[in-house]
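# Overview (structure and organization)
Spelled out from the first residue to the last, the chains are:
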Amino acid sequence: MARRIDVTGADGVRLAAWEFGDPAKAGPDPGEAAAPDAPGVLLLHGLMGRASHWASTARRLSARHRAVALDQRGHGRSEKPPEGAFTRDAYVDDAEAALEQLGLGPAVLIGHAMGALTAWQLAAKRPDLVRGLVISDMRASALGGASQREWAEWFMSWPVPFATLADVRKWFGEDDPWVERPNPARGEFYAEVMAESPDGWRPVFDPGQMLRSRETWVHDAHWEELAQVRCPALVVRGLDGELGRAEAQEMVRVLPRGRYAEVADAGHLIHYDQPEAWLAAIEPFLDSLDEE
């Protein structure tokens, strides 16, 4: 079951939040959804992602938490205003609005890639709303202009429209020049962000808006905001991901209450590549927060 909850973000942008667990129950039995007053968790996807990428994680966590995933502006079922703001402040303000309107705070924020950056920037801005933080494969260092140009060229290389979803899975899982070896999980990840149109399958987002979103953070380092996070924080990296071990461990050192976990045989999309190992990495951390 997926239940949509409408949220109003910054500048009145309409956002879609989703609960993927079963209807709330008060019982403590394993597999039952948590009661409505259970500790809150807000899950934030990365650039080009959508809330449904967190479905399996949210269902697992819903046994003990109220786990809600947000389609961020320009993504999923949320509004994609042509002239809308796709700044860091806008994304952070949207997440802040979601926590307040859903009554989740103080919550644990779980973010992947860009969503992780949003999460730690919000944790630094509003410590009263955030009691824990999970950072999944996001770097604190500046990526630079060359990275932005590579992404623009990558978007241009997509053979859209795709004739079928099978073609989507094959291209992103095997044929994409950014794929070093076949990765079916990556194919599934991108199939989730495609929608059928009259001429074939196209992304549910505007690539131009994705580049505008990315432009606002790739040129800057984000160590200062990381140091301002006062709640417990877990940095998770896939051994084959984009976040290197040295940088991850430096992030843990900079975080006042940082912890570290890594997942073997996982790349950037840790929760898709190794879903059980991903949960095994984050659940002890969440349990420790509940015991505080």
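The shown structure was predicted, so the numbers you read here are calculated from the model rather than taken from an experiment.

### Let's talk about the packing of helix H2 (residues 88-102) against helix H3 (residues 114-125)
Their axes nearest at 9 Å, the elements H2 and H3 cross at an angle of 70 degrees. Judged by the angle between their axes, H2 and H3 are roughly perpendicular. Taking contact as the criterion, the partners of Arg88, Tyr91, Val92, Asp93, Ala95, Glu96 and Leu99 in H2 are, on H3, Met114, Leu117, Thr118, Gln121, Leu122 and Lys125. Across the contact of H2 with H3, the residue classes tally to seven nonpolar, two polar and four charged.

### Topic: the nonpolar core
For soluble globular proteins, nonpolar side chains are generally found buried alongside one another. Within the largest apolar cluster, 65 residues are counted, with the highest numbers of intra-cluster contacts made by Leu42, Met48, Trp120 and Ile135. Considering each element in turn, this core owes the most residues, eight residues, to H3. In contact with leucine 42, other than residues within four places in its own chain, are Val68, Leu70, Ala95, Ala98, Leu99, Leu104, Val108, Leu109 and Ile110. Ala69, Val108, Ile282 and Phe285 belong to the second largest nonpolar core, which has 28 residues in total.

### Side note on the environment of valine 13
The topology assignment puts valine 13 in the loop between strand E1 (3-8) and strand E2 (14-19). If near-sequence neighbours (up to four positions away) are discounted, valine 13 is found in contact with Val7, Thr8, Arg73, Glu79 and Pro81.

### Let's talk about helix H4 (residues 145-157)
Its 13 residues place the ends of H4 19 Å apart at the C-alpha level, agreeing with the 18 Å of an ideal helix rising 1.5 Å per residue. Every buried residue of H4 is accounted for by Ser147, Gln148, Trp151, Trp154 and Phe155. All buried residues of H4 lie within an arc of 120 degrees about the axis, which places them on one face of the element. In H4, those exposed residues whose orientation departs by more than 90 degrees from the buried face are Arg149, Glu153 and Met156. Where the residues of H4 are buried, they touch helix H5 (165-175), helix H6 (184-191) and helix H7 (207-215).

### Thoughts on the pattern of salt bridges
Pairing between side chains becomes possible if they bear opposite charge and their charged atoms approach one another. Counting across every chain of the model gives 24 salt bridges. Arginine 139 is paired through a salt bridge with glutamate 247; the nearest N and O atoms lie 3.0 Å apart. Placement of the pair is arginine 139 in the loop between strand E6 (130-136) and H4 and glutamate 247 in helix H9 (residues 245-254), with a sequence separation of 108 residues. If you follow the salt bridges from partner to partner, you end up with Asp93, Glu96, Glu100, Lys125, Arg126 and Asp128 in one network.

### Notes on the pairing of strand E10 (residues 258-263)
Both faces of the sheet carry side chains from a regular strand, because those side chains alternate between them. Alignment of strand E9 (residues 233-238) against E10, held across six bridges, turns out to be parallel. For alanine 233, the partnering residue across the bridge sits in E10 and is glycine 258. What joins E9 to E10 is H9, and the crossover it makes is right-handed.

### A word on the confidence of the model for the chain
Per-residue confidence for the chain averages 94 on the pLDDT scale, and 95% of its residues sit at or above 70. In the model, residues 23-31 has pLDDT below 50 throughout and makes 13 contacts with residues more than four positions away in sequence or in other chains.

### So, unusual backbone geometry
For the bond from glycine 105 to proline 106, the omega torsion is -5 degrees, close enough to zero to count as cis. On the secondary structure map, proline 106 appears in the loop between H2 and strand E5 (107-112). For the bond from valine 160 to proline 161, the omega torsion is 0 degrees, close enough to zero to count as cis. Position of proline 161 among the secondary structure elements: in the loop between H4 and H5. In this structure, alanine 113 takes a positive phi of about 55 degrees despite not being glycine. Along the chain, alanine 113 turns up in the loop between E5 and H3.

Procedures and definitions
- Residues numbered from 1 in each chain as written.
- Predicted model: local features only at pLDDT ≥ 70, side-chain atom pairs only at ≥ 80, totals over all residues.
- Heavy atoms only, no water.
- Axes fitted to C-alpha atoms, helices over the stretch in contact; angles between N-to-C directions.
- Helix = DSSP H or I, 4+ residues; strand = E, 2+ residues; numbered from the N terminus.
- Parallel < 35°, antiparallel > 145°, perpendicular 65-115°, else oblique.
- Contact = heavy atoms within 4.5 Å.
- Nonpolar A, V, L, I, M, F, W, Y, C, P; charged D, E, K, R; others polar.
- Core = buried A, V, L, I, M, F, W, Y, C linked by side-chain atoms within 4.5 Å.
- Buried < 20%, exposed > 50% of the residue type's maximum accessible area, 1.4 Å probe, protein only.
- Expected span 1.5 Å × (residues − 1).
- Arc of directions from axis to C-beta.
- Salt bridge = Lys/Arg side-chain N within 4 Å of Asp/Glu carboxyl O.
- Pairing = 2+ DSSP bridges.
- Right-handed = clockwise from strand over helix to strand, strands pointing away.
- pLDDT = per-residue confidence, 0-100.

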